[in-house]
Each structure stands twice: as C-alpha cells, then as structure tokens.
Amino acid sequence: MYTETPTSGNTTPVGTRTAAPPVAVVSASERAYRQLRDEILDGVLAPGAGLLEVEQSDRIGVSRTPLRSAIARLIADGLVAGRAGRGFMVTEMSVDSIHELYELRRALEEHAARIAATRRDPHVFLELRDQFRTAPELLLLGEAGLHRYYELIDDFDDALDAAVGNPFLVTALANVRTHLARIRRLARQNPARLRAAAAEHLLIIEAIVAGDTSLAAHATHVHLHQSLSNVLAALEANPAAQAD
C-alpha cells in the first residue's frame, strides 16, 4: 500500500516512478526530409530519379506543404534539383562532379589533418588506433562487420572535427561527407580496397597521435588519391553503375 506525504497541499505516492520525459515529436517535414535523404544516400532513390510532389507525399504519408519544405532542404544539401517541366529529381553524380568533390575534399581534409595533429587529445586517437587495428577482422564478418567498420570511419570523422574545433571548417566537411556517402557505395563490393583504406586511416591516426602535421596531411593525401582512383576504376569497369 502506498503512503502519502503532503507537500504544499498535494499528495505524491511514495514509491512511484518519476514520469519519463516526453518523447520528442518529429515534424512531418523532418520525417519526410530524413526518409528522402536516407533513400538518396542509400541508393534507393537513384541519381536522376524523379520526385513528384503528389506521389512522394502519398508514399511518405505527409501533406504537400511539409514535403515541399523537406525538398527545399534537400536542394540546399545538393541532393535534389528542379527538373525541366515539373517536379524535382535526385542530382546526378558524374565523373566530373566526383573529381570536383575530391578537389574540395583534399583541400579540407588535408588541412583538417594538419590542425588535428596540433590540437588533438592523444588519448582519443590512441583509442581510435586500437579500434582500427581490428578493421581487417571486422571486414571478414559480413554485413554486420561492414556496418561496424563504417561506424569506425564516422568515429574518426567525429574525432577529427572535435580536434579541429573550427565550426566553419567542420560545417564544410559535413557537406562534403553527405555526398561522399553516395560514392562510398562503390567501395562496398571491394574488400581489398576497404582493407587498404583501413590501413590508410591507421597511418593518418598515428601521424595525428605523433603530432606530425606534415605526415598527417601527406597520409590524408595518399588516402584520398587511392579513394578517388578506386571510384574511377569502379565506374570504368561498370559504366552503367550509378556513382552514388
């Protein structure tokens, strides 16, 4: 039986649990944005795919007003563009646009690696180093291991951003990574490239731990060169493949 203790005229049962905080309600616009963005990045909505307002609002289960708001955000992200005639389309990823993206990526990531090597918390990157040493074993575990491997990449990106500590640079990097998520799908079918990429990340991390700015930038340069070469080779081998 509960006992009650008066408090300012109110009674609260002793032994009752504190009510859980209310679950955040996701707006219709935010829900539509997340779903469409995930589908574009995962390749469910391929480059060039049309996005008609009525069709997409019915499919996602939102009205046209929040859908328009979601599409406006995707246009700002560079993932969607207007289509001649009517409606919108998922933006293409041409060979030229991939080259342009990597030009920007080199400028941003090499500079970020230099900064991180001077401002880093060594303990954070030492822990990352230990985790990346397990990457070859992860890549033998099928889809679950691959998922964990990409989580390690995300952890590295987060640590790099924190070490850089420059919100303008971090925002620019985040925009580049959005588009890289589409290109990354090309490497999922190449285990040898994934193992090499893990070793390249490990060298970058070791340079940052050592505080060697030149090596950190150079290791990043080599990694990006190899990454771009792999993407272009994959497209050349299969011209029909979508570069997303």
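Residues numbered from 1 in each chain as written. Predicted model: local features only at pLDDT ≥ 70, side-chain atom pairs only at ≥ 80, totals over all residues. Heavy atoms only, no water.

Quick look at the overall build of the protein now. For the protein, the helix and strand inventory stands at 10 helices and 5 strands. Scored against the burial criterion, the 244 residues of the protein give a buried share of 39%. Long-range contacts, defined as pairs at least 24 residues apart, comprise 73% of the intrachain contacts of the protein with a sequence gap of at least 6. Here the protein displays about 13500 Å² of accessible surface, and carbon together with sulfur accounts for 55% of that area. (Helix = DSSP H or I, 4+ residues; strand = E, 2+ residues; numbered from the N terminus. Buried < 20%, exposed > 50% of the residue type's maximum accessible area, 1.4 Å probe, protein only. Contact = heavy atoms within 4.5 Å. Areas by Shrake-Rupley, 256 points an atom, 1.4 Å probe, with all protein chains shown as cover.)

The set of residues buried in helix 5 (residues 122-132) consists of Phe125, Leu128 and Phe132. Mapping the buried residues of helix 5 onto a view down its axis gives an arc of 55°, with all of them on the same face. Turned more than 90 degrees away from the buried face of helix 5, the exposed residues are His123 and Glu127. In this structure, the buried residues of helix 5 make contact with helix 6 (135-138), helix 7 (142-164) and helix 9 (191-210). (Arc of directions from axis to C-beta.)

All told, the structure shown has 14 salt bridges when counted by the stated rule. Across the salt bridge formed by Asp130 and Arg133, the nearest N and O atoms sit 3.8 Å from each other. Exposure remark for Asp130: the relative accessible area of 42% places this residue in the partly exposed category. Residues joined in a network through salt bridges with shared partners are Arg129, Asp130, Arg133 and Glu206. (Salt bridge = Lys/Arg side-chain N within 4 Å of Asp/Glu carboxyl O.)

So, on to the sheet that holds strand 3 (residues 50-51). Ordered in space as 3-5-4, the 3 strands form an open sheet in which the pairing is antiparallel. Unpaired on one side and paired on the other, strand 3 and strand 4 (80-82) mark the two borders of the sheet. Where strand 3 lies against strand 5 (residues 88-90), 2 bridges are found, and the strand directions are antiparallel. The partner of Leu51 across the bridge, within strand 5, is Phe88. (Pairing = 2+ DSSP bridges.)

Scanning all chains against the criterion turns up 1 aromatic pair. Centroid distance Tyr149 to Tyr150: 5.4 Å. Interplanar angle 65°. Geometry classified as edge-to-face. Just as Tyr149 is buried, Tyr150 falls in that class too. The cationic tip of Arg73 hangs over the ring face of Tyr33; the distance from NZ or CZ to the ring centre is 3.7 Å. (Phe/Tyr/Trp six-rings, centres within 6.5 Å; stacked < 30°, edge-to-face > 60°. Lys NZ or Arg CZ within 6 Å of the ring centre and 35° of its normal.)

Moving on, we get to the packing of helix 1 (residues 28-41) against helix 2 (residues 53-60). With their axes 11 Å apart at the nearest point, helix 1 and helix 2 run at an angle of 100° to one another. The angle between helix 1 and helix 2 falls in the class roughly perpendicular. Every residue of helix 2 that contacts helix 1 at Arg31, Ala32, Gln35, Leu36 and Glu39 is listed here: Gln56, Arg59 and Ile60. Of the residues contributing to the contact of helix 1 with helix 2, the split by class is 3 nonpolar, 2 polar and 3 charged. (Axes fitted to C-alpha atoms, helices over the stretch in contact; angles between N-to-C directions. Parallel < 35°, antiparallel > 145°, perpendicular 65-115°, else oblique. Nonpolar A, V, L, I, M, F, W, Y, C, P; charged D, E, K, R; others polar.)

For the rest of this paragraph, the subject is the nonpolar core. Of all hydrophobic cores here, the largest spans 45 residues; its most connected members are Ile98, Phe125, Phe132, Tyr149, Phe156, Ile183 and Ile208. Secondary structure elements with two or more residues in this core: helix 4 (95-119), helix 5, helix 6, helix 7, helix 8 (167-184), helix 9 and helix 10 (213-237). Sequence-distant contacts of Tyr149, that is, excluding residues within four places in its chain, are made with Ala135, Leu138, Leu139, Leu194, Ala197 and Ala198. Judged by nonpolar contacts, the second largest core, of 17 residues, contains Ala32, Tyr33, Leu74 and Val80. (Core = buried A, V, L, I, M, F, W, Y, C linked by side-chain atoms within 4.5 Å.)

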